[in-house]
Amino acid sequence: MTADSLPLNKSGKIVEILSSPLKINLLELGFLPGIQISLRYQAPSGGPMAFLMEETLLALRKSEAALIRVELI
């Protein structure tokens, strides 16, 4: 499962970041394997998504979230 399909207000543990030119950017933002994230907000019509990671709320495009492979907790 990828982060873009994570149900609202559910948590997942990051398993890996899929290969992409954006991989380094996501890693620098703190989306590291083993970190727990939770989907808090989702804009309608496939707009941005906001994830809570530790005590930080970060917004990603749906296409960026699709690069983060997670497992439900």
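Look up: the structure comes first, before these words.
Because the structure is a prediction, the values reported are computed rather than measured. Here the residue numbering is sequential within each chain, running from 1 through the sequence in written order. A pLDDT threshold of at least 70 governs which residues receive local features in this predicted model, and a stricter bar of 80 or more applies before side-chain atom pairs are shown or counted, although totals over entire chains, interfaces and linings include all residues. Side-chain descriptors were evaluated using all non-hydrogen atoms of the structure, hydrogens and water having been removed beforehand.

## Quick look at the nonpolar core
Okay, so step 1: Put simply, a nonpolar core is a bunch of buried Ala, Val, Leu, Ile, Met, Phe, Trp, Tyr and Cys residues held in one set by side-chain atoms that sit within 4.5 Å of each other. Only protein chains enter the accessibility calculation, which uses a 1.4 Å probe; a residue whose area is less than 20% of its type maximum is buried, one above 50% is exposed, and one in between is partly exposed. Counting residues in each nonpolar core, the largest one holds 18 residues, and the members touching the most others are Ile14, Phe31, Ile37, Phe51 and Ile68.
Okay, so step 2: Put simply, the parts of the chain that give this core at least two residues each are strand S1 (11-17), strand S2 (36-42), strand S3 (49-53), strand S4 (56-60) and strand S5 (68-72).
Okay, so step 3: For this core, the leading source of residues is S3, giving 3 residues.
Okay, so step 4: Any pair of residues with heavy atoms lying within 4.5 Å of one another is described as a contacting pair. Residues within four places of isoleucine 37 in sequence aside, it is in contact with Ala3, Leu6, Lys10, Ser11, Gly12, Ile14, Phe31, Phe51, Leu52, Met53, Ile68 and Val70. A run of DSSP states H or I qualifies as a helix once it reaches four residues; a run of E qualifies as a strand once it reaches two. Both are numbered from the N-terminal end.

## Topic: the pattern of salt bridges
A pair can form between side chains of opposite charge whenever their charged atoms are brought close.
Okay, so step 1: Salt bridge, as used here, is a side-chain nitrogen of Lys or Arg placed within 4 Å of a carboxyl oxygen of Asp or Glu. A complete count under the given rule lists 3 salt bridges for this structure.
Okay, so step 2: Between lysine 13 and glutamate 71 there is a salt bridge, and its shortest N-O distance comes to 3.9 Å. In this pair, lysine 13 is assigned in strand S1 and glutamate 71 in strand S5, connecting sequence segments 58 residues apart.
Okay, so step 3: Residue classification places lysine 13 among the partly exposed residues on the basis of a relative accessible area of 36%.
Okay, so step 4: Under the relative-accessibility criterion, glutamate 71 is labelled partly exposed at 40%.
Okay, so step 5: The residue glutamate 64 makes a salt bridge to arginine 61 at a minimum N-O spacing of 2.9 Å.
Okay, so step 6: Its relative accessible area of 13% is what places glutamate 64 among the buried residues.

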